[in-house]
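Secondary and tertiary structure notes
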Amino acid sequence: IHWKGFELAVRAFAQFHGRFPASDYWLIGDGPERKRLERLSRKLGVADSVLFLGNMPRGQVLDKLNECDVLVHPSLHDSGGWVCVEAMAAGRPVICLDLGGPAVQVTPETGIKVPARSPGQVIRDLAVAMGQLAEDRVRREYMAKGGRAHVRECFSWDKKGEWLNRVYWLHTTSRH
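Residues numbered from 1 in each chain as written. Predicted model: local features only at pLDDT ≥ 70, side-chain atom pairs only at ≥ 80, totals over all residues. Heavy atoms only, no water.

As a further point, take the sheet that holds strand β3 (residues 71-73). By definition, the strands of a sheet pair up through backbone hydrogen bonds, in either a parallel or an antiparallel sense. In spatial order, the strands read β3-β4-β5; together these three strands make up an open sheet with parallel pairing. If you trace the sheet from one side to the other, it starts and ends with β3 and β5 (111-114), each paired once. On average, adjacent strands in this sheet sit at an angle of 10° to one another, irrespective of strand direction. Note that strand β4 (residues 94-97) and β5 share four bridges and pair parallel. Each bridged residue has a counterpart across the sheet, and for Cys-96 the counterpart in β5 is Lys-113. Taken strand by strand, helix α6 (residues 119-135) contacts β3, β4 and β5, and its axis lies near 165° from that of β5. (Pairing = 2+ DSSP bridges. Helix = DSSP H or I, 4+ residues; strand = E, 2+ residues; numbered from the N terminus. Axes fitted to C-alpha atoms, helices over the stretch in contact; angles between N-to-C directions. Contact = heavy atoms within 4.5 Å.)

It is worth spelling out helix α1 (residues 6-19) at this point. The periodicity of an α-helix, 3.6 residues per turn, causes residues three or four places apart in sequence to face the same way. Helix length check: α1, at 14 residues, gives a terminal C-alpha distance of 20 Å against a target of 20 Å (1.5 Å per residue), a fit within 8%. Among the residues making up α1, those that are buried are Leu-8, Ala-9, Val-10, Ala-12, Phe-13, Ala-14, Phe-16 and His-17. (Expected span 1.5 Å × (residues − 1). Buried < 20%, exposed > 50% of the residue type's maximum accessible area, 1.4 Å probe, protein only.)

To continue, consider the packing of aromatic side chains. Note on aromatic pairs: each is described by the distance of the centres and the angle between the planes. Counting across every chain of the model gives four aromatic pairs. Seen from their ring centres, Phe-13 and Tyr-25 are 5.7 Å apart, and the 25° between their planes marks the pair as stacked. With a gap of 12 residues between them, Phe-13 in helix α1 and Tyr-25 in strand β1 (residues 25-28) connect regions that are remote in the sequence. Its relative accessible area of 6% is what places Tyr-25 among the buried residues. With a centroid separation of 5.8 Å and 85° between ring planes, the pair formed by Trp-82 and Phe-155 is classed as edge-to-face. Of the two residues, Trp-82 is situated in helix α4 (residues 82-89) and Phe-155 in the loop between α7 (137-154) and α8 (157-174); the sequence distance between them amounts to 73 residues. (Phe/Tyr/Trp six-rings, centres within 6.5 Å; stacked < 30°, edge-to-face > 60°.)

Counted by the stated rule, this structure contains 10 salt bridges. The salt bridge involving Lys-64 is made with Glu-67; its shortest N-O contact spans 3.5 Å. On the criterion of helical spacing, the pair formed by Lys-64 and Glu-67 is a turn pair, its members being three residues apart in helix α3 (residues 58-67). With relative accessibility at 24%, the residue Lys-64 sits in the partly exposed group. Each of Glu-7, Arg-11, Glu-33 and Arg-36 takes part in one network of salt bridges that share partners. (Salt bridge = Lys/Arg side-chain N within 4 Å of Asp/Glu carboxyl O.)

Moving on: helix α2 (residues 34-43). Buried residues of α2: Leu-37, Glu-38, Leu-40 and Ser-41, and no others. Taken end-on, α2 shows its buried residues confined to a sector of 160°, consistent with a single buried face. For α2, the exposed residues set more than 90 degrees away from the buried face come down to Lys-35, Arg-42 and Lys-43. Here the buried face of α2 lies against α1, β1 and β2 (50-54). (Arc of directions from axis to C-beta.)

Below, the structure written as structure tokens:
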């Protein structure tokens, strides 16, 4: 759907692809924007490198995540963005917009957050972020380790339970 921001990412990928012609951009899932994005990919000359993989079972999605180098999550409105947490758990750096849930989940140690001021600026900055991570294997490895550690420290069930316990305790003690 439109607010997932895939048009911005496809346009950014087209800019990035000019410098890194061996790269691919994978889109997993289907929806009302797919045909338009396919046309856009053809118009931008990257149709052979933008792969529309369609819907697939969650296990296959996670397998694909393990095959990629970076997760690009260009969502304009996403309260959770759990795909970012899954990517970090898999040791994949994340490029996302500095909006909503992903902006809270992703840190400088786990990925690159792009400010969202205008479509043109987002497209340019996404392309720059893609290039930075493509050129810097050491940074990708640093973010991979950072992502795994961040997920262990902040998103494990034990950590969620501790947080909920604190919130509940604070709520119940503030009433007395």
